[in-house]
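# Fold and geometry: a report
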Amino acid sequence: MGRFRLSEEPRPTFLDSTRGVQSMAEAAQWLAIRGIDDLECITPDLAGVARGKMMPAKKFTGNTSLALPSALFMHTISGEYPEETGEFRYSPNDGDLKLVPDLSTLSLVPWESDPTAQIICDLVDTTGAAVGYTPRNVLKRVLALYENRGWQPIVAPEIEFYLVSKNVDPDYPLTPPTGRSGRQIQSGQAYSIGGVNEFDELIDDIYHFSEAQGLEIDTLIHEDGAAQLEINLRHGNPIELADQVFMFKRTIREAALKHGIYATFMAKPIQGQPGSAMHIHQSVIDQRSGQNIFSEADGTPSKLFYNFIGGMQRYVPAALIMMAPYVNSYRRLTYGMSAPTNNAWGYDNRTTAFRVPTSDASGRRVENRLPSSDANPYLALAASLACGYLGMAEGLEPDQPTDKTVNEDGVISLPRGLLEAVAAFEAEPAFHDVFSRDFVGTYAGIKRGEFETFMQVISPWEREFLLLSV
């Protein structure tokens, strides 16, 4: 009598995925096989801070409805609620907004001691309509403009940040941390392998945490500032890349805390040191052919390529508040430093706001060098892509490219501070269509409120130069 072996069912591939499933049934199995007890349902607020709820994994897969109050997306970075002004208005009843999990973002929280997972959520109102002033929905609205024309934008962010010694008293300046050598890190370490090696164990944790979440780092380098690092991400879909930046910020902060130091994404954390940017590389492909629309068939730059740059030059100064969102952001945008203070463009010219890197025709792209690392990645990407879109839709022509150094002449052709940037943002009619009037009014109101809280603080400069002199 022959022996029969029962065929084993092949293991579903989604169970081995580090990031994302396709259905709630798959999510239940994915969580169960990892022994996940707790799940963080998170969403970025207007500052890019993770907000949400933690719940038992079994309750999540039981189709539980999750909600957050609408006012949560209308407070300042310091947690205060601004006065209603202009078109900034609170919901009369502070009604709930419903969290809708994006199952493609399900991943582990590798720094937690207990088995924990996380998932990024979108927000809808009680009718199921997308809430227009929430960051992920703002970016999706801009991407829909591209999709309607048969285009797909591709982006690659580069994120700079500082490692600093723990600072429990905000009255004291930040200082660089002590590295593996036992000495405090100094500036001038750009692309230094030795500078990176000073933090080998911390960087190993960043890599391990990232791998566990399905996040892919392209390269990591030491920048010019003291203990300033930069992470480059592989190019891809803007929503996916914004999600990655959102998650990377959490990851890097947690890895740093594990080693007894802080990681900060402030635009200008240390006086006299370079600021931290979030440069955004952008190209656009045709959805049907998959070809880069910035290049003609013969490899030469296309009209749309120049129109995209024209749109950046025309509209980015008015959208700067979405890329430089705090008072501190404008300390980075000063002449004589490594950040641009202009809306010029050029080929492989790092002193311009809009740089065209050297590439072949298929890789032709525009790098926006204005956004700072403190920006909400969803809003910075939405702003940058919207400006390029408007240029293509309106057929705008750029000025001539420059090969000169254009950030050391003392001229600043951008809003110089927060209130000036808010005024320019509100005054641009095109933004009411591409971002929604609701978002423009809400965001401007919050930024005015943040400026008012900043004005309540007396700075060391005022005490040093005014105390005994005026």
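In case you missed it, the structure is sitting above this.
An account of the accompanying structure is given in this report. It should be emphasised that the depicted structure is a prediction, and the values quoted were computed from it without experimental measurement.

## Some remarks on the nonpolar core
Leu163, Met322, Phe431, Phe435 and Phe439 are the most contacted members of the largest nonpolar core, which totals 125 residues. No other element matches helix α9 (residues 377-394), which puts 12 residues into this core. Dropping the residues within four chain positions of it, Phe431 is found in contact with Tyr315, Ala318, Ala319, Leu390, Phe425, Ser436 and Val440.

## A word on the side chain of Asp122
Tracing the chain through its elements places Asp122 in strand β6 (residues 116-124). Only 2.7 Å separates the side chain of Asp122 from the side chain of Lys140, close enough to count as a polar contact. When sequence neighbours within four positions are dropped, the list of residues in contact with Asp122 reads Lys98, Leu99, Val100, Arg136, Asn137 and Lys140.

## Examining the packing of helix α6 (residues 238-258) against α9
One can describe the packing of α6 onto α9 by two numbers: an axis separation of 8 Å at closest approach and a directional angle of 145°. Here α6 and α9 pass one another in a crossing that is right-handed. Residue-level contacts link Pro238, Ile239, Ala242, Asp243, Val245 and Phe246 of α6 to Pro377, Tyr378, Leu381 and Leu385 of α9.

## What about the pairing of β6?
In summary, the side chains of a regular strand alternate between the two faces of the sheet. Counting buried positions over the nine residues of β6 gives nine, a clear majority of the element. Side chains Thr116, Gln118, Ile120, Asp122 and Val124 of β6 all project onto a buried face; the interleaved residues Ala117, Ile119, Cys121 and Leu123 project onto the opposite face, where all are buried too. As paired elements, strand β5 (residues 107-108) and β6 share two bridges and run antiparallel to each other. Within β6, the position partnered with Ser107 by the bridge is Gln118.

Conventions and cut-offs
Residues numbered from 1 in each chain as written. Predicted model: local features only at pLDDT ≥ 70, side-chain atom pairs only at ≥ 80, totals over all residues. Heavy atoms only, no water. Core = buried A, V, L, I, M, F, W, Y, C linked by side-chain atoms within 4.5 Å. Buried < 20%, exposed > 50% of the residue type's maximum accessible area, 1.4 Å probe, protein only. Helix = DSSP H or I, 4+ residues; strand = E, 2+ residues; numbered from the N terminus. Contact = heavy atoms within 4.5 Å. Polar contact = N/O pair within 3.5 Å; in protein donor to acceptor, adjacent residues only side chain to side chain. Axes fitted to C-alpha atoms, helices over the stretch in contact; angles between N-to-C directions. Left-handed = near helix turned anticlockwise from the far one by under 90°. Pairing = 2+ DSSP bridges.

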